[in-house]
Amino acid sequence: MTDPASERRRMTTVLMNEGVLKSPWLRAAVEAVSRERFLLPGVFLNEGRTWRPVTAADTDPDEWLKIVYSVDTLTTQLDGHLTADQTGEPVVGVPTSSSTDPATVVGMIETLDLARGHRVLEIGTGTGYSTALMCHYLGEDNVATVEVDAQVAARADAALEAVGFSTWTATGDGLLGHPCRAPYDRVIATCAVRRIPYAWIRQTRPGGVVLGTVGSWPWGTGLAKLTVAGDGTAEGAIIGRSSFMQARAQAVAPVAGDLSARTAYADSERHALVSPLVLEEWMPAFLSQLAVPGAQFVRATDGDGAPLRYLFDPERESFAEFLSDGESWTVRQGGPVALWDDVERSLIAWQDAGAPEIDSVRLRVTPASHQYWIDQVPSLRWERLIT
């Protein structure tokens, strides 16, 4: 029979070989914390168009441990309520909670540069596994964690108690932070946000670090690492690509319904200087979200199955529709904001600058705005006012 401790050691070796796991203290935590306890009652495995439920109770113990200690993200909830023990058949649904792949979890914790005595606020408890890793080193009194979903929070709290950590767990909107335990030395978010909530900055000590994923598209999001200054601002960089579920309070409702009605009245039509296909690439998608923060990129098909592509900003009632003749693209735009004009300017300037990667982007957060820029490229600068 497979030994859980040996599986933890195997996963530890994989993470070290990938160059993700570096700190001795974190290696000790990964080898000690039982991930299987945080995945009860079970998980959903992606089978393309459906999710197959797998529970610890109904799965061969060896197979269960192999799933638990894979280096994959494991979905633990669908549609805000469904867990693997509540269905015996593959189902269709949208993931709403998961145990993030261990490489991402460990990589983010390494990025925090934790030291003994640090107090940490975690936004998005999820299963509680990453909470336990930090508790193993810092102690349960130095870690506070907030989860918006009451059922998810209850399971995480039970798992943390089961492995010996009676830490500070709270159910609520993590975008508000957790002021009653502030100030913190580190804030880490395991969800994506459209912008870094100023509450996180306010609750962090000067010199402390805030780490979170910014962006609202399923791709094209970036991991921001900010250092808080004594004047109440925070500055840093987008240090790499990152992908997390959207914070529920900021989740965007997908554009649906009659798309032809949304695009019926165009104010302009012209040749597109940049192919909209670049929006399917990570860095152009990130830049597009900076240029038109409220827009969504929508892919659909017409009655003949031909692909359709759009940008929609429902709040500003604006759209860009892209039409291809096989060799070039035409863009139709309508509404008060010419979305593609704004995106195209940023993408052309980015290409002219040599197409720098996402880690070239800087970010400064003040009480009034988010300022993004790329050094030495004056045309690549965006300010998003907080209203």
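Owing to the predicted nature of the structure, the values given are computational and were not obtained by experimental measurement.

Conventions and cut-offs
- Residues numbered from 1 in each chain as written.
- Predicted model: local features only at pLDDT ≥ 70, side-chain atom pairs only at ≥ 80, totals over all residues.
- Heavy atoms only, no water.
- Helix = DSSP H or I, 4+ residues; strand = E, 2+ residues; numbered from the N terminus.
- Rg over C-alpha atoms; globule rule 2.2 N^0.38 Å.
- Buried < 20%, exposed > 50% of the residue type's maximum accessible area, 1.4 Å probe, protein only.
- Contact = heavy atoms within 4.5 Å.
- Areas by Shrake-Rupley, 256 points an atom, 1.4 Å probe, with all protein chains shown as cover.
- Lys, Arg positive; Asp, Glu negative; His and termini not counted.
- Charge placed at Lys NZ, Arg CZ, Asp CG, Glu CD.
- Pairing = 2+ DSSP bridges.
- Axes fitted to C-alpha atoms, helices over the stretch in contact; angles between N-to-C directions.
- Core = buried A, V, L, I, M, F, W, Y, C linked by side-chain atoms within 4.5 Å.
- Salt bridge = Lys/Arg side-chain N within 4 Å of Asp/Glu carboxyl O.
- Expected span 1.5 Å × (residues − 1).
- Phe/Tyr/Trp six-rings, centres within 6.5 Å; stacked < 30°, edge-to-face > 60°.
- Lys NZ or Arg CZ within 6 Å of the ring centre and 35° of its normal.

Description of the overall build of the protein
- The helix and strand tally for the protein stands at 10 helices and 19 strands.
- Rg of the C-alpha trace for the protein: 22 Å, near the compact-globule value of 21 Å for 387 residues, within the 12% margin.
- Projected onto the principal axes, the alpha-carbon positions of the protein cover approximately 65 × 55 × 35 Å.
- Within the protein, buried positions represent 53% of all 387 residues.
- When contacts within the protein are restricted to residue pairs at least 6 apart in sequence, those whose partners lie at least 24 apart make up 60%.
- Surface accessibility of the protein: about 17,100 Å² in total, with carbon and sulfur atoms responsible for 50%.
- Side chains of the protein carry 33 positive and 49 negative charges; the gap between the two charge centres is 6 Å.

Quick notes on the sheet that holds strand S12 (residues 268-271)
- Taken together, the five strands give an open sheet; going across it, the order is S12-S16-S15-S14-S13, and neighbouring strands pair in antiparallel fashion. Edge strands, defined here as strands with exactly one partner in the open sheet, are S12 and strand S13 (296-301). The sheet shows a mean angle of 20° between the axes of neighbouring strands, direction not considered.

A look at the sheet that holds strand S5 (residues 120-123)
- With mixed pairing, 10 strands are arranged side by side in an open sheet as S7-S6-S5-S8-S9-S10-S11-S17-S18-S19. The open sheet has two edge strands, strand S7 (168-171) and strand S19 (381-385), and neither has a second partner. Recorded for the sheet is a direction-independent mean angle of 15° between the axes of neighbouring strands.
- Direction of pairing for strand S10 (residues 222-228) relative to strand S11 (residues 234-241): antiparallel, over a ladder of seven bridges. Of the residues in S11, the one forming a bridge with Ala224 is Ile238.
- Along the sheet, helix H9 (residues 282-291) contacts strand S9 (204-214), S10, S11, strand S17 (361-365), strand S18 (369-374) and S19; its crossing angle with S19, the most-contacted strand, is approximately 50°.

Comments concerning the pairing of S17
- Here S17 shows a buried face lined by Val361, Leu363 and Val365 and an unburied face lined by Arg362 and Arg364.
- Where S11 lies against S17, four bridges are found, and the strand directions are antiparallel. Within S17, the residue paired with Glu235 across the bridge is Arg364.
- By the bridge criterion, five bridges tie S17 to S18 in an arrangement that is antiparallel. Bridging across to S18, Arg362 finds its partner in Trp373.
- Between S17 and S18, which pair antiparallel in sequence order, lie three residues.

Looking at the nonpolar core
- Counting 60 residues, the largest nonpolar core has Leu311 and Trp340 as the members making the most contacts within it.
- It is H9 that contributes the most residues to this core, seven residues altogether.
- Residues Val20, Tyr69, Leu74 and Ile188 belong to the second largest nonpolar core, which totals 44 residues.

Describing the pattern of salt bridges
- In this structure the tally under the stated criterion is 18 salt bridges.
- Note that Arg27 is salt-bridged to Glu31, the shortest N-O span being 3.4 Å. Taken together, the residues span about one helical turn, with Arg27 and Glu31 both in helix H2 (residues 24-32) at a distance of four residues.
- Among the salt bridges present, the one from Asp341 reaches Arg270, with a minimum N-O distance of 2.8 Å. Linking Asp341 in helix H10 (residues 339-352) with Arg270 in strand S12, this pair joins segments that are 71 residues apart in sequence.

Some points on unusual backbone geometry
- With an omega of 5°, the peptide bond between Leu40 and Pro41 qualifies as cis.
- Here the residue pair Ala182 and Pro183 is connected by a cis peptide bond, since its omega of 5° sits within 30 degrees of zero.
- As for its position among the elements, Pro183 is in the loop between S7 and strand S8 (184-193).
- The phi dihedral of Asp79 falls on the positive side, at around 55°, and the residue is not glycine.
- Along the chain, Asp79 turns up in the loop between strand S3 (74-78) and strand S4 (95-99).
- On the accessibility criterion, Asp79 (39% relative accessible area) is partly exposed.

Describing H10
- Between its first and last C-alpha atoms H10 spans 20 Å; for 14 residues at 1.5 Å apiece the expected length is 20 Å, and the two agree.
- Residues of H10 that are buried include every one of Leu339, Trp340, Val343, Glu344, Ser346, Leu347, Ala349 and Trp350, and no others.
- Summarising the contacts, the buried residues of H10 are in contact with S12, H9, strand S14 (307-313), strand S15 (318-324), strand S16 (329-334) and S19.
- Among the residues trailing H10, Gly354 stands out with phi positive, at a value near 95°.

Description of the packing of aromatic side chains
- Inspection of the entire model under this criterion finds eight aromatic pairs.
- For the pair Trp217 and Trp219, a centre-to-centre distance of 5.4 Å together with 50° between the ring planes defines the contact as tilted. Just as Trp217 is buried, Trp219 falls in that class too.
- Measuring from ring centre to ring centre gives 6.2 Å for Trp217 and Phe297, while their planes differ by 25°; the resulting arrangement is stacked. Linking Trp217 in the loop between S9 and S10 with Phe297 in strand S13, this pair joins segments that are 80 residues apart in sequence. Of the two residues, Trp217 and Phe297, neither departs from the other in class, the shared state being buried.
- Through pairs of rings, three or more aromatic residues link up here, namely Trp217, Trp219 and Phe297.
- Stacked on the ring of Phe312, the Lys or Arg Arg262 has its end atom at 5.8 Å from the ring centre.

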